[in-house]
Amino acid sequence: MTRLERTRRVVAGAVLVCLALAVTESTALAVPAFARKYQTSCQTCHIVFPKLNAFGEAFRLRGYRMPAETEEMVKEPPVSLGAPAYKRLWPQAVWPGAISSHTPLAVNVKLADVNTSSLNEDGTVTSVKNDLQFPQEVNVFGAGTLGDHVSYLSEITFGEGSDGSVAVELEHASIHFDSPFGPEDLFHFRLGKFAPNLADGFQEMWISTDAGIDSLFNYNPIGFNGGTGLGADAVSPNPISLPTLVRGIEAYGIIRHRALWVAGIANGVGPGSNDTTGRFDGNNAKDVYARFDYKIGGMGFDGDMGGHPIPDKNWQDNSLRLGVFAYRGDASGINFPFTTDSGLMTNIQDVHFQRTGIYASLFTGDLNVFSVYLHGSDSLQVFDAGTAALLSTGVPDYHAWFTQADYLLYPWLQAGLRYETVTPADRSVPTLKTGVANLSALIRANVKAMVEYQRDLRQGKNHSLNAVLRFAF
Amino acid sequence: MFRHSVVIGSVCTAIVLAYVASPIGASDSITGVVKVTGLASSADAVVYIQQAPGSFTPAKPAQMDQRQMQFVPHVLPIVAGTTVKFLNGDPTPHNVFSPDNEKYNLGTWPQGQSKDYTFNKCAKTPCVYTQLCRVHPEMEGYVVVLQNPFFAVTNKEGHYQIDNVPPGSYTLAVWHEKAKAQPKPVIVEASKPTTVDFVLGR
C-alpha cells in the first residue's frame, strides 16, 4: 500500500466514522425525568443540553440527588416501599425503599439533515445532500432514585435504517449505590452498562455536538503497523479505543469537595460478531481503568461552594479542573482478521493495550476551554490465519489530542470550536486533523437546534454539514 | 330574704362564670410556630412540657385508626398510662406492632375491630413507639408517651397551642419524626399568653 493509498484509506475511514457516529449512539444524556421529579428547568443542570453545568455534574455524581437535598426539593414525593423504621428491623424485615410517584421515563428525539462529502480511494468524491434523517434516533430513558443510597439509569436507543430496519441498542442499564457507607460522597459504586467516569468530563459531559470526539473514541490499532487511523476495518465505536460504554463495576468518590477518584473494572473487548457462545467478554481477563481529577475554584464536585456565593449565571463556574486517567485492556485470544497488501490472511491479537491521558478544563465567565491528550500503546501479535503461526510482534503507539472552546453568546446560544488530531501508529500515514464548528441554540429549554460543520483539515474534500433538531420530554 | 338570696346567688354565679372562663384559675396557653426546615410540611411535631409538677392520671382511652392504609392520626401524643384503642377502618386486614422499647405485636385483625394497648411500661419521656403494620410495610405512625397533658401537635403550617398550662417555669421541647431542636425554657404567667417558636433541623 502506498502512502497515498494509506492516506486515502484513512481519510475515507474518518469520514465513514463521522457518518456512522452521526447515525448511531451518543452517550450524552438529558433526562427530563429529573425535571419532572424536581419540577425544575433543564437549565438547573444543563448549559445547553446535554452539556452539564457544575451543579448538574454534582447532581450526576451524587447519584441523581441535588447537593444538600431536602425533602421539600422533591416536588413529587416518592412512593414508599417500606417505612423507614424497617431499617431497624433488618435482617428480620426487608430494607425499605422507594419508587417515583410518576413513571420515571423520558424521551429524546433527534432529527437530522445530513450533508456529507467524502473522497473515495479511487479519487472520486461521494456527496450526500439534505438526507433528511427524520428521525435519526429516539432515546427512551428511565432514571431516578430507589430510596436512600440507591439510584438507576437506563437508556434504550431506537434507530431506523434506510432499508426500514429498526436497530435497538441498550445503551445504559445500571444500578448505583450512592454513599452506602462512610462519609457522604466519599464512596459510590455502580454496576451494569454505563458510560464510565473515565471519559466523562470530556465526552459525555461536554459534547454539545452529536458527533462525538473521534480522535479519542474511534482509533483502531489493528493493522500491521499498529493501525492507520479512525475506524478502519472496525465497527464503530471501536472497542479497543477508549470506550464510551462499558459493562462493568465502577467505584468513585469525592474527597474534600475538590478531588474526584474513579476506579473501574470492565468486561473489555467482546468476542466478535461470529461468536456463538453468548458471551459479552472475549476472554477471561478484565480491563481496568482509573481517573483522578482535582478542581480549583468554582463549585465542588459535590456541589459545595466553600462559603463562596453562587454565580447568578448558572453556566458560569470560574474554575480549573485537571485530571489524569488510564485504561489497561487485555484482548488476548481475540482474533481480529486482517489481510495484508500481499493477500496474506492474518489474525491480529491486541494482547495488552494501554491508554493514558491528561485533561484540563477552564471555565472563565461565559467561556469554557477544555483539552485532552491521549497516548495509546498496543502489544500486537500477528498470526497466520491458516497455520496459526506467530508471524510478528510489536508495540506500536499512537497519540491524539483535542481542544475545544465553547462560548455562550446568550443563555440560549452557544458557539463551539474544536480542533482534534490523531497521529496513527503507522507513521507513514499523515496525522489526521479535524476542525469542527458548532452553533447550538435552545429554541426552548428542551428543544435544541444545532448546526455543525466538520472538515478534514488535510483533505478539504472530506467535510460534512449537519443540521440537528433535538427535543426531550 | 329573697333580696339576699339574689345577691348571694349573683355572686356565686359570677364566681362560677369566672372559674369556667379560666378553669385552672390563673392558667394560660403557650402558642407558637414550629418550622421544620427541609420539609414541605411542618405538621405532626409534638410540642410538650418536659416535666410538670404533680402526677397526671390518663383520661379516657385515646384512639389510633388505620384508614386508607395510613395510621390516623400519624402522630398521637398521650399521657403515660393511657390506653390506646387501635382500630381497623379499612376493608383489608391490618396488623399493629412496634419495634421500640418493650416491643409488642398486637396481631392482625379485620375491619371494624380494634385492639387495646396500655402505654405504662416506659419510664423515659418522651417515650416514642413507632407503629408499623406487617401487612403493609409502608405504613408508619407514632405514639409519643409524655409525662403530662400539656402538649399539642402542630398543623401543616406549624402552628400549635397548648392550653390550660399552670403558671410556672418549664422546659418546652419538640419531638418530630425527622427533625430535632433544642428545648427552650419558658415562663408561663397568669393570664398572659406565651409564645415560643422553634426551628427544627435534620
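Residues numbered from 1 in each chain as written. Chains lettered and ligands numbered in written order. Predicted model: local features only at pLDDT ≥ 70, side-chain atom pairs only at ≥ 80, totals over all residues. Heavy atoms only, no water.

### Some remarks on the overall build of chain A
- In terms of regular secondary structure, chain A is built from five helices and 22 strands.
- Against the globule reference of 23 Å for 473 residues, chain A gives a C-alpha radius of gyration of 23 Å, in line with a compact fold.
- Based on the C-alpha atoms only, the size of chain A along its principal axes is roughly 70 × 50 × 45 Å.
- Going through the 473 residues of chain A one by one, you find that 53% of them count as buried.
- Counting only carbon and sulfur atoms, one obtains 62% of the accessible surface of chain A, whose full area is about 19800 Å².
- Charge-centre separation for chain A: the mean point of 37 positive side chains lies 3 Å from the mean point of 47 negative side chains. (Helix = DSSP H or I, 4+ residues; strand = E, 2+ residues; numbered from the N terminus. Rg over C-alpha atoms; globule rule 2.2 N^0.38 Å. Buried < 20%, exposed > 50% of the residue type's maximum accessible area, 1.4 Å probe, protein only. Areas by Shrake-Rupley, 256 points an atom, 1.4 Å probe, with all protein chains shown as cover. Lys, Arg positive; Asp, Glu negative; His and termini not counted. Charge placed at Lys NZ, Arg CZ, Asp CG, Glu CD.)

### With respect to the state of the cysteines
- As enumerated under the stated definition, the model contains one disulfide over all chains in all.
- Across the disulfide from B:C122 sits B:C127; the S-S distance is 1.8 Å. Between B:C122 and B:C127, the disulfide has an S-S torsion of 85° and is therefore right-handed. B:C127 shares its class with B:C122; the two are buried.
- The cysteine A:C42 is free of any disulfide, with A:C45 supplying the nearest cysteine sulfur at 9.3 Å. (Disulfide = S-S within 2.5 Å.)

### Notes on the side chain of A:N139
Residues and elements named next belong to chain A.
- In this fold, N139 is placed in strand β4 (residues 125–145).
- Among the residues examined, N139 registers a relative accessible area of 0% and is labelled buried.
- Of the polar contacts made by the side chain of N139, one reaches the side chain of E155; its length is 3.0 Å. (Polar contact = N/O pair within 3.5 Å; in protein donor to acceptor, adjacent residues only side chain to side chain.)

### Observations concerning the packing of aromatic side chains
All names here are of chain A.
- Per the counting criterion, the structure on display carries 23 aromatic pairs over all chains.
- Judged by centre distance (6.0 Å) and plane angle (45°), the rings of F187 and F189 are tilted.
- The rings of F177, F181, F187, F189 and W261 are connected pair by pair, giving a single aromatic cluster.
- In this structure, R247 is placed above the aromatic ring of F280, and the distance from its NZ or CZ to the ring centre is 3.8 Å. (Phe/Tyr/Trp six-rings, centres within 6.5 Å; stacked < 30°, edge-to-face > 60°. Lys NZ or Arg CZ within 6 Å of the ring centre and 35° of its normal.)

### Brief notes about the pattern of salt bridges
Residues and elements named next belong to chain A.
- According to the stated counting rule, one finds 21 salt bridges over all chains in the structure shown.
- R62 is paired through a salt bridge with E184; the nearest N and O atoms lie 2.9 Å apart. Residue R62 is located in the loop between α3 (54–61) and β1 (79–80), and its partner E184 is located in the loop between β6 (166–178) and β7 (188–194); the two are separated by 122 residues in the primary sequence. (Salt bridge = Lys/Arg side-chain N within 4 Å of Asp/Glu carboxyl O.)

### Overview of the environment of A:P96
Residues and elements named next belong to chain A.
- Structurally, P96 can be placed in the loop between α4 (86–89) and β2 (98–99).
- Expressed as a C-alpha distance, the spacing of P96 and G147, which sit 51 residues apart in the sequence, is 7.6 Å.
- Here P96 is in contact with L81, G82, A83, P84, Y86 and K87, once residues within four sequence places are set aside. (Contact = heavy atoms within 4.5 Å.)

### Describing the sheet that holds strand β3 (residues 62–67) of chain B
Residues and elements named next belong to chain B.
- Overall, mixed pairing links the four strands, which are arranged β4-β3-β6-β9 in an open sheet. In the strand order of this sheet, the two ends are held by β4 (70–72) and β9 (114–118), each with one partner. Within the sheet, the average angular offset between the axes of one strand and its neighbour, ignoring direction, is 20°.
- In this structure, β3 lies alongside β4, joined through three bridges in antiparallel fashion. Residue pairing across strands places D65 opposite V72, the latter belonging to β4. (Pairing = 2+ DSSP bridges. Axes fitted to C-alpha atoms, helices over the stretch in contact; angles between N-to-C directions.)

### Structural notes on the interface of chain A and chain B
- Every contact between the two is made by 13 residues of chain A and, on the other side, 17 residues of chain B.
- For the pair chain A and chain B, the summed buried surface comes to about 1100 Å²; carbon and sulfur atoms form 51% of the total.
- Looking at the side of chain A facing chain B, the largest losses of area belong to A:E71, A:E72 and A:Y86, adding up to 43% of the total buried there.
- In this assembly, chain A and chain B are joined by three salt bridges.
- The salt bridge partner of B:R202 is A:E71, with a shortest N-O separation of 4.0 Å.
- Here chain A and chain B share eight residue pairs in polar contact (both at pLDDT 80 or more) between them.
- In terms of residue class, the side of chain A that touches chain B is made up of six nonpolar, four polar and three charged. (Buried area = accessible area lost by both parts, 1.4 Å probe. Nonpolar A, V, L, I, M, F, W, Y, C, P; charged D, E, K, R; others polar.)

### Regarding empty space enclosed by the protein
Residues and elements named next belong to chain A.
- Evaluation of the coordinates by the stated rule reveals nine cavities of 30 Å³ or more.
- Quantified by volume, the largest cavity comes out at close to 390 Å³.
- The wall of the largest cavity is formed by 31 residues, among which A30, V31, F34, H46 and L52 lie closest to the centre.
- Taken together, the elements giving at least two residues each to the lining of the largest cavity come down to α2 (32–38), α3 and β7. (1 Å grid on protein atoms, 1.4 Å probe; cavity = no way out; pocket = protein on both sides within 12 Å on 5 of 7 lines; lining within 4 Å. Points joined across faces, edges and corners; volume = space filled by probe spheres on them.)

### Thoughts on the sheet that holds strand β15 (residues 184–188) of chain B
All names here are of chain B.
- Ordered by their spatial adjacency, four strands build an open sheet running β12-β2-β14-β15, and the pairing between neighbours is antiparallel. Across the chains shown, the open sheet's two edge strands, defined by having one partner strand only, are β12 (151–153) and β15. With strand direction ignored, the average angle separating the axes of adjacent strands in the sheet is 25°.
- Judged from the three bridges that link them, strand β2 (residues 46–49) and β12 form a sheet pairing that is antiparallel. By the bridge assignment for β12, V47 is matched with A152.

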